[in-house]
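The chain contents come next:
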Amino acid sequence: MGTSLLTPSLHTARLRLRAFEAADANDLFALHSSAYVLRYWDSPPWSERARAEKFITACRQMAQEGTGVRLAVDRASDGAFLGWCSLSGWNPEFRSASLGYCFGEAAWGHGYATETARALLGWAFDTLDLNRVQAEADTRNAASARVLEKLGFVREGTLREDCVVNGEVSDSWVYGLIRREWQPSSEPVPAP
């Protein structure tokens, strides 16, 4: 690509999305070493902390190469690390990219993934002139499917037996969001 992407800092009502720092390695390792959190992931849980440092380096490389951005997500109220969200595989000719995210168990059920992805998508549609964003979810992962549907993604098909993790074969749903269907919609006000 040649064009580096400026990793944005984004804020929502409850969250802060920012570039990864070396200091995030422990939180990142805790997240990605959890077999429960990663039970529908496309690779096994991490067993060594060095993987976290490689991940953070890869985030920087992704931005430098101009292929995408991956942002750490903190809760604004106490600075707690909740997880991450990314847009990767940015193709300026096709005006397309892929959405990904991973959140720790403590963050589940609060609408954080939806709020995070909505902020990142809003930035991306405005900044990268995207036409299409794709996302994939394990067909057993009902929570992730709900997040994508809340964001306006349409389920377009099933990739049969596309992942084999530790010998377990699984299918994935493919979702697409087209620019003309994107509804940035106002931030939901968190319930008291």
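Only a predicted model underlies this, so the values are computations on that prediction, with no experimental measurement involved.

## Some details on the pairing of strand E5 (residues 96-103)
Working step 1: Most of E5 sits inside the fold, with seven of its eight residues counted as buried.
Working step 2: Pairing of strand E4 (residues 81-91) with E5, which is carried by seven bridges, proceeds in the antiparallel orientation. Residue Ser88 lies in a different strand from E5, and its bridge partner there is Ser98.
Working step 3: The turn linking E4 back onto E5 is made up of four residues, and Arg95 within it adopts a positive phi angle of 55°.
Working step 4: The pairing of E5 with strand E6 (residues 132-138) spans three bridges and is classified as parallel. Bridge assignment links Ala97 to a residue of E6, and that residue is Val133.

## Focus on the sheet that holds strand E1 (residues 10-11)
Working step 1: Strand order in the open sheet made by the eight strands is E1-E2-E3-E4-E5-E6-E8-E7, with mixed pairing throughout. One side of each edge strand has no neighbouring strand; the edge strands of this open sheet are E1 and strand E7 (154-165).
Working step 2: This element, helix H1 (residues 25-32), spans E4 and E5 of the sheet and lies at about 85° to E4.

## Describing the side chain of Asp138
Working step 1: With respect to the helices and strands, the residue Asp138 is situated in strand E6.
Working step 2: A polar atom in the side chain of Asp138 sits 3.4 Å from the side chain of Ser170.
Working step 3: Filtering out sequence-adjacent residues up to four positions away, Asp138 remains in contact with Tyr40, Ser170, Asp171, Ser172 and Trp173.

## Some remarks on the pairing of E4
Working step 1: Buried residues dominate E4, accounting for nine of its eleven residues.
Working step 2: Direction of pairing for strand E3 (residues 69-75) relative to E4: antiparallel, over a ladder of six bridges. Counted as the bridge partner of Leu71 is Cys85 from E4.
Working step 3: Connecting E3 to the antiparallel partner E4 that follows it, the hairpin turn spans five residues, and Gly79 within it adopts a positive phi of roughly 75°.

## Comments concerning the confidence of the model for the chain
Working step 1: Across the chain, the average pLDDT comes to 90, with 95% of residues at 70 or higher.
Working step 2: This model gives residues 187-192 a pLDDT under 50, and the stretch forms five contacts once residues within four places in sequence are excluded.

## Considerations on the side chain of Arg18
Working step 1: Among the structural elements, Arg18 can be located in strand E2 (residues 15-19).
Working step 2: Side chain to side chain, Arg18 and Asp74 meet in a polar contact 2.5 Å long.
Working step 3: In this structure, Arg18 is in contact with Pro8, Ser9, Asp24, Leu71, Ala72, Asp74 and Phe81, ignoring residues within four places of it in sequence.

## Section: the packing of aromatic side chains
Working step 1: One pass over the structure, following the stated rule, counts seven aromatic pairs.
Working step 2: Considering the side-chain rings of Phe20 and Phe55, the 5.6 Å spacing of their centres and the 80° angle between planes classify their relative orientation as edge-to-face. Here Phe20 is found in the loop between E2 and H1, whereas its partner Phe55 is found in helix H2 (residues 50-65), with 35 residues between them in sequence.
Working step 3: Consider the rings of Phe125 and Trp182, whose centres lie 5.3 Å apart with planes at 35°: the pair is tilted. With Phe125 in helix H3 (residues 112-127) and Trp182 in the segment after strand E8 (168-178), this pair connects stretches of sequence that are 57 residues apart.
Working step 4: Take Phe125: its relative accessible area is 2%, and that puts it in the buried class.

## Looking at the environment of Glu105
Working step 1: Along the chain, Glu105 falls in the loop between E5 and H3.
Working step 2: Measuring from C-alpha to C-alpha, the distance between Glu105 and Leu28 comes to 13 Å, with 77 residues separating the pair along the chain.
Working step 3: The residues touching Glu105, leaving out its near neighbours within four places in the chain, are Tyr36 and Val37.

Rules used in this analysis
- Residues numbered from 1 in each chain as written.
- Predicted model: local features only at pLDDT ≥ 70, side-chain atom pairs only at ≥ 80, totals over all residues.
- Heavy atoms only, no water.
- Buried < 20%, exposed > 50% of the residue type's maximum accessible area, 1.4 Å probe, protein only.
- Helix = DSSP H or I, 4+ residues; strand = E, 2+ residues; numbered from the N terminus.
- Pairing = 2+ DSSP bridges.
- Contact = heavy atoms within 4.5 Å.
- Axes fitted to C-alpha atoms, helices over the stretch in contact; angles between N-to-C directions.
- Polar contact = N/O pair within 3.5 Å; in protein donor to acceptor, adjacent residues only side chain to side chain.
- pLDDT = per-residue confidence, 0-100.
- Phe/Tyr/Trp six-rings, centres within 6.5 Å; stacked < 30°, edge-to-face > 60°.

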